[in-house]
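For reference, the chains in residue letters:
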Amino acid sequence: MDSQTQNTSLQRLQNVEKTVVRVLEVAGGVMDELSNPTGPRKEFINNHCRDFMQMIKDIQFTLRNEIKSACEYRPFEKSDYTCRIANEICLSKLEHILSQLDLITQTITPQYHHAHDSTVSSTSSPMDF
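Residues numbered from 1 in each chain as written. Predicted model: local features only at pLDDT ≥ 70, side-chain atom pairs only at ≥ 80, totals over all residues. Heavy atoms only, no water.

- If you check an unreviewed UniProt entry, the chain appears there as Mediator of RNA polymerase II transcription subunit 11 from Salix brachista.
- Comment text from UniProt for the chain, heading Subcellular location (unreviewed entry), reads "Nucleus".
- Database annotation for the chain, UniProt heading Sequence similarities (unreviewed entry): "Belongs to the Mediator complex subunit 11 family." (UniProt positions renumbered as here; feature names shortened; annotations may be inferred.)

Overview of the nonpolar core
Right, on to step 1. In terms of nonpolar packing, the biggest core is built from five residues, these being Val16, Val23, Val26, Met55 and Ile59.
Right, on to step 2. Secondary-structure elements contributing two or more residues to this core are α1 (3-34) and α2 (42-73).
Right, on to step 3. Among the elements that make up this core, the one with the highest residue count is α1 (three residues).
Right, on to step 4. Excluding anything up to four places from it in sequence, valine 26 contacts His48, Phe52 and Met55. (Core = buried A, V, L, I, M, F, W, Y, C linked by side-chain atoms within 4.5 Å. Buried < 20%, exposed > 50% of the residue type's maximum accessible area, 1.4 Å probe, protein only. Helix = DSSP H or I, 4+ residues; strand = E, 2+ residues; numbered from the N terminus. Contact = heavy atoms within 4.5 Å.)

Description of the environment of isoleucine 45
Right, on to step 1. As for its placement among the helices and strands, isoleucine 45 is situated in helix α2.
Right, on to step 2. Taking the C-alpha atoms as reference points, isoleucine 45 and alanine 27, 18 residues apart in sequence, are found 9.8 Å from one another.
Right, on to step 3. Filtering out sequence-adjacent residues up to four positions away, isoleucine 45 remains in contact with Val30, Glu33, Leu34 and Pro40.

Some details on a nonpolar patch on the surface
Right, on to step 1. Taken together, the side chains of Leu94, Ile97, Leu98, Leu101, Ile104 and Ile108 define a hydrophobic patch exposed on the protein surface, amounting to about 560 Å² of accessible area.
Right, on to step 2. When you line up the elements, leucine 101 lands in helix α3 (residues 81-122). (Patch = residues over 30% accessible without salt bridge, like charges linked within 9 Å, V, L, I, M, F, W, Y side chains within 5 Å. Areas by Shrake-Rupley, 256 points an atom, 1.4 Å probe, with all protein chains shown as cover. Salt bridge = Lys/Arg side-chain N within 4 Å of Asp/Glu carboxyl O.)

Re the packing of aromatic side chains
Centre-to-centre distance and the angle between the planes together describe a pair of aromatic rings.
Right, on to step 1. Per the stated rule, a full pass over the model turns up zero aromatic pairs.
Right, on to step 2. Seen from the ring of phenylalanine 44, arginine 41 lies directly overhead, with NZ or CZ sitting 5.0 Å from the centre. (Phe/Tyr/Trp six-rings, centres within 6.5 Å; stacked < 30°, edge-to-face > 60°. Lys NZ or Arg CZ within 6 Å of the ring centre and 35° of its normal.)

If you want it as structure tokens, here you go:
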């Protein structure tokens with residue numbers, strides 16, 4: 001990630017931080033309005049709730065994009081996620097292969113024993129002379 005991209009990314013994250021502070025302020029304003037002795041003003045609550053939800057969506061969108069862009073450039077340092085997932089996939093494949101081999105063994109074994117028994121009984125043994 002070049003320094004220009006890092007600066008832009010840091011600026012976006014700083015904006016997210018400011019938005020989080022603003023979200024808390026809006027939530028506090030709604031709580032104050034709800035505790036108003038004369039009762040809450042519906043329009044005030046509606047506007048603040050709409051703003052709150054929009055800011056939360058904006059935060060989620062920005063953070064999702066920042067995480068995705070960080071993963072595209074380089075894996076997180078000291079992260080073994082990719083290796084663990086690859087190992088789990090390999091383990092799953094091996095377990096599947098073993099189950100298939102077990103099925104093949106179960107299918108072949110009775111046929112082998114049956115064929116082997118008939119071959120042994122139809123051939124003469126050295127003691128028959």
